[in-house]
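Structural overview
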Amino acid sequence: MDMKMILPLILLQAILMVIGLFDLLKRDSSRVRGEVKWVWALVIVFVASVGPIAYFIFGRKQS
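Anyway, here's the lowdown on the structure attached to this text.

Criteria and cut-off values
- Residues numbered from 1 in each chain as written.
- Predicted model: local features only at pLDDT ≥ 70, side-chain atom pairs only at ≥ 80, totals over all residues.
- Heavy atoms only, no water.
- Axes fitted to C-alpha atoms, helices over the stretch in contact; angles between N-to-C directions.
- Helix = DSSP H or I, 4+ residues; strand = E, 2+ residues; numbered from the N terminus.
- Parallel < 35°, antiparallel > 145°, perpendicular 65-115°, else oblique.
- Contact = heavy atoms within 4.5 Å.
- Nonpolar A, V, L, I, M, F, W, Y, C, P; charged D, E, K, R; others polar.
- Salt bridge = Lys/Arg side-chain N within 4 Å of Asp/Glu carboxyl O.
- Buried < 20%, exposed > 50% of the residue type's maximum accessible area, 1.4 Å probe, protein only.
- Arc of directions from axis to C-beta.
- Phe/Tyr/Trp six-rings, centres within 6.5 Å; stacked < 30°, edge-to-face > 60°.
- Expected span 1.5 Å × (residues − 1).

With that out of the way, let us pick up the packing of helix H1 (residues 3-26) against helix H2 (residues 37-46). Following both chains from N to C, one finds H1 and H2 inclined at 175 degrees, their axes separated by 10 Å at the closest point. The orientation of H1 with respect to H2, classified from their angle, is roughly antiparallel. Along the contact surface, H1 presents Met-17, Gly-20, Leu-21, Leu-24 and Leu-25, while H2 presents Lys-37, Trp-40, Ala-41, Ile-44 and Val-45. Here the residues of the contact of H1 with H2 sort into eight nonpolar, one polar and one charged.

Inspection of the entire model under this criterion finds two salt bridges. Bridged by salt links that share partners, the residues Asp-23, Arg-27 and Arg-60 form one connected network.

Taken as a whole, helix H3 (residues 50-59) has its buried residues at Gly-51, Pro-52, Ala-54, Tyr-55 and Gly-59. Projected onto a plane normal to the axis of H3, the buried residues spread over an arc of 160 degrees and lie on a single side. Away from its buried face, by an angle of more than 90 degrees, H3 presents the exposed residues Val-50 and Ile-57. Where H3 is buried, its residues touch H1 and H2.

Under the criterion given, the structure shown has two aromatic pairs. Each ring, one from Tyr-55 and one from Phe-56, has its centre 5.4 Å from the other, and the planes form 55 degrees; the classification is tilted. The partly exposed category is assigned to Phe-56, whose relative accessible area is 25%. Among the aromatic residues, ring-to-ring pairing joins Trp-40, Tyr-55 and Phe-56 into one connected group.

What follows deals with H1. Between its terminal C-alpha atoms H1 stretches 34 Å, which fits the 34 Å expected from 24 residues at 1.5 Å a residue. Gln-13, Gly-20, Asp-23 and Leu-24 are the residues of H1 that are buried.

Below, the structure is given as structure tokens:
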């Protein structure tokens, strides 16, 4: 594959990961499902593009 096609996907993954981790770090543990922030951090980092999306959909408690 051409690097021009892969680069936007890599950038999108990096942006999602940074935004997800930043949001997780600034949240109180009581506002994260399961109240175990380190597990969500591992999901965000190691589950590729699906990890940050899963955190935003399932990991955050609505206020």
